[in-house]
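Examination of the molecular architecture
Chain by chain, the residues:
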There are 2 protein chains.
Amino acid sequence: MTKNIKISLDCMGGDKAPQIVVEGANIAASKRSDIFFNFFGDKDKIENIARNCRHLQNRYKIFHTNESISPEEKPSVALRRGKKSSMRLAIDSVKNKESDVVISAGNTGALMAMSKIVLRPLESINRPAIITAIPNKKGTATALLDMGANVECSPDVLLQFAIMGHAFAKVALKIENPTIGLLNIGSEDEKGHEELKIAANLLRNSDLNSSFYGYVEGDDITKGTVDVVVTDGFTGNIALKSIEGSAKLVSQIIKNGFSSSFAAKIGYLFAASAIKRAAKSIDPRMHNGAMLIGLNGISVKSHGSTDAIGFASAIKVAISLVTKDINNQILEELKTAEESISKANISISSEKIEE
Amino acid sequence: MTKNIKISLDCMGGDKAPQIVVEGANIAASKRSDIFFNFFGDKDKIENIARNCRHLQNRYKIFHTNESISPEEKPSVALRRGKKSSMRLAIDSVKNKESDVVISAGNTGALMAMSKIVLRPLESINRPAIITAIPNKKGTATALLDMGANVECSPDVLLQFAIMGHAFAKVALKIENPTIGLLNIGSEDEKGHEELKIAANLLRNSDLNSSFYGYVEGDDITKGTVDVVVTDGFTGNIALKSIEGSAKLVSQIIKNGFSSSFAAKIGYLFAASAIKRAAKSIDPRMHNGAMLIGLNGISVKSHGSTDAIGFASAIKVAISLVTKDINNQILEELKTAEESISKANISISSEKIEE
């Protein structure tokens, strides 16, 4: 008998918790028999939903709490006052080896702060980051990090992001030899910040050199020019939200077009199902599930406004990170990279994580 | 008789010059009788096209050169070696008061470097910037600056961007009381770089305070939350290209959908014209024409791969900047802002432009 994967779920995070969390778990449970859920939140509310979920029967346990972290809570306050919150208890469950992975659709800053304190960064990782997959023109997805955990990043931190992104693309996106690009405002060597030039140099001198494409620009993320786009958390967050906003704008315009005339409405009847099928590859729900990468334990962030189908996607990501042992993958790549860099005699600063 | 607006055109910049430049001029000329063109480039090639353009007859003059600036040329090299290039001569024409505005679809870095050297920055402007209009969900456009001229920006430079953007939104976008947002990764006060916090403080203490919305995020650009989004050139360039890339991805997906089945193709026949009409508001050609803002003279950048219709849009932008006297507008707003800030006893550093 194979061991079950135990998934810890924060049932008080996100716009529609616990509903979409428990129903998302039900969808995931319908697809694999080797998963078990630890739910953290309001026992009665969770039980009311779970008892109607056919695939969850005998496959969950509820840990009651009525404390939650609000979306506006500052991470520092969440850390201090949220020790009995559903989010914190769900993370603690990974720390205590009662779960293999934690998923929350709640406050991102608080999730990162708590995950860092409870799980601790992986050995020799300076700054854990947030990584997510963005659909691209090739019909696959591009991994982008950091999405906002670290506003400013030194070159050695960017190098570690590249290493972690490379491992993530292999494991979560199933790409055999992922390519890596550094986000910049031009492909020429002299463009951009000084930190980027040093990071590019570090990458060229590491064993990731053969995977390193060079600089990429904002539109390369959705073009799929490379499999992993590396940038600081400020730029990454703005790129991600710019992409989301633009996609919503264009979708809205097309919808307006379809409802703007009688002929267009008829056209919609004929074309709707084909367009919906085509648009599935860019459905944000299918790409839900960002990883808080670089921690001694697996912590996954779901979009706060997703539905049960979207939450099930985040669970799927979490499962692949557990089964493929992402953190071991990262540690191995990190070791090789450090060796190759020290051979090339380029120092990695020993900057340590702030808390 | 009103004075003609004289427009200087670089006929060797962009993918399809001189064709789209001259034909774009013809489109613009068909709409107003008070414009005259100075063409810079290969005399024979320009003449061959212009002679077939009905609306251009007796409304242009050609200044021959066969030197051009390549798209890959470094700005420093273009400055040194490009003194007889079509781009440089077209800019010189504004300096010599033979033209009221210059437009080029060529190398952006070279255009900025040459415009700065030839036209000089406006009095007390530290760093000229690139500003462009991006379509938004409201059906209007959001002005975004800087698009890439200044990789790093101090808080007082961001304040000047806000002032210039405010004037641009009034003049080019015809918005009476434009609102201003600072691009950040969250709306909370403690988010983002230190420079942003100081810039926000400067804005709140200036007479632009009533127009200052606060921080905005990446998706607010296409939402149209504010009329002017202010950021450094690194972030602005990445946001713009992320938006462009995402819009292309979604458009491609919809196109794929329409051609993916027989029913969808029929649907297309019914819906195509309505969708094209709806999509006109986000047609990049309709929003072509970025301004190099903060210079003692008006310099406009067209997208390098646009067509004649797109180039005509850039000419339209140029005309509104000339007729509404954008630079005088900026100088006035700058004066008032400086007075109000000095009253509030917040210093603007006297950092001077690098060359």
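The final tally for this structure, using the stated rule, is 10 aromatic pairs over all chains. Here the aromatic rings of A:F258 and A:Y268 are separated by 5.0 Å at their centres, their planes lie at 70°, and the arrangement is edge-to-face. A residue pair is termed long-range when its members are at least 10 positions apart, and A:F258 in helix 9 (residues 233-258) and A:Y268 in helix 10 (residues 262-279) qualify at 10 residues. The exposure class assigned to A:F258 is buried, which follows from its relative accessible area of 7%. A centroid spacing of 5.9 Å and a plane angle of 5° characterise the contact between B:F37 and B:F39, whose relative ring orientation is stacked. Each of the two residues, B:F37 as well as B:F39, counts as buried. Taken together through their ring pairs, the aromatic side chains of A:F258, A:Y268, B:F258 and B:Y268 make up a single cluster.

Let's shift gears to a positive patch on the surface. Taken together, the side chains of A:K31, A:K174, A:K280, A:K316 and A:K324 make up a positively charged region of the molecular surface. Along the chain, A:K280 turns up in the loop between helix 10 and strand 10 (290-293).

With that settled, the discussion passes to the confidence of the model for chain A. Do not read the fine detail of predicted coordinates wherever pLDDT is low. All names here are of chain A. Scored by pLDDT, chain A comes out at a mean of 91, with 95% of its residues at no less than 70. Below a pLDDT of 50 lies the segment residues 349-355, which in the model reaches 17 contacts outside its immediate sequence neighbourhood of four places, other chains included. As scored by the predictor, the complex reaches a pTM of 0.91 and an ipTM of 0.90.

To continue, consider the sheet that holds strand 4 (residues 101-104) of chain B. Within a sheet, each strand pairs with its neighbour through backbone hydrogen bonds, oriented either parallel or antiparallel. Residues and elements named next belong to chain B. Ordered by their spatial adjacency, 11 strands build an open sheet running 3-2-1-4-11-10-5-6-9-7-8, and the pairing between neighbours is mixed. The strands lining the two open edges of the sheet, one partner per strand, are strand 3 (60-64) and strand 8 (212-216). Taking each pair of neighbouring strands and ignoring which way they run, the sheet shows an average axis angle of 25°. Note: strand 1 (residues 5-10) against strand 2 (residues 35-41), 6 bridges, orientation parallel. Of the residues in strand 2, the one forming a bridge with I7 is F37. Lying on the sheet, helix 7 (residues 194-204) is in contact with strand 7 (180-183) and strand 8; it crosses strand 8 at an angle near 170°.

It is worth spelling out a negative patch on the surface at this point. Where like charges cluster on the molecular surface, the negative patch consists of A:E152, A:E195, B:E152 and B:E195. Following the sequence through the fold, B:E152 ends up in the loop between strand 6 (141-145) and helix 6 (155-171).

Reading the values: rules and limits
Residues numbered from 1 in each chain as written. Chains lettered and ligands numbered in written order. Predicted model: local features only at pLDDT ≥ 70, side-chain atom pairs only at ≥ 80, totals over all residues. Heavy atoms only, no water. Phe/Tyr/Trp six-rings, centres within 6.5 Å; stacked < 30°, edge-to-face > 60°. Helix = DSSP H or I, 4+ residues; strand = E, 2+ residues; numbered from the N terminus. Buried < 20%, exposed > 50% of the residue type's maximum accessible area, 1.4 Å probe, protein only. Patch = residues over 30% accessible without salt bridge, like charges linked within 9 Å, V, L, I, M, F, W, Y side chains within 5 Å. Areas by Shrake-Rupley, 256 points an atom, 1.4 Å probe, with all protein chains shown as cover. Salt bridge = Lys/Arg side-chain N within 4 Å of Asp/Glu carboxyl O. Lys, Arg positive; Asp, Glu negative; His and termini not counted. Charge placed at Lys NZ, Arg CZ, Asp CG, Glu CD. pLDDT = per-residue confidence, 0-100. Contact = heavy atoms within 4.5 Å. Pairing = 2+ DSSP bridges. Axes fitted to C-alpha atoms, helices over the stretch in contact; angles between N-to-C directions.

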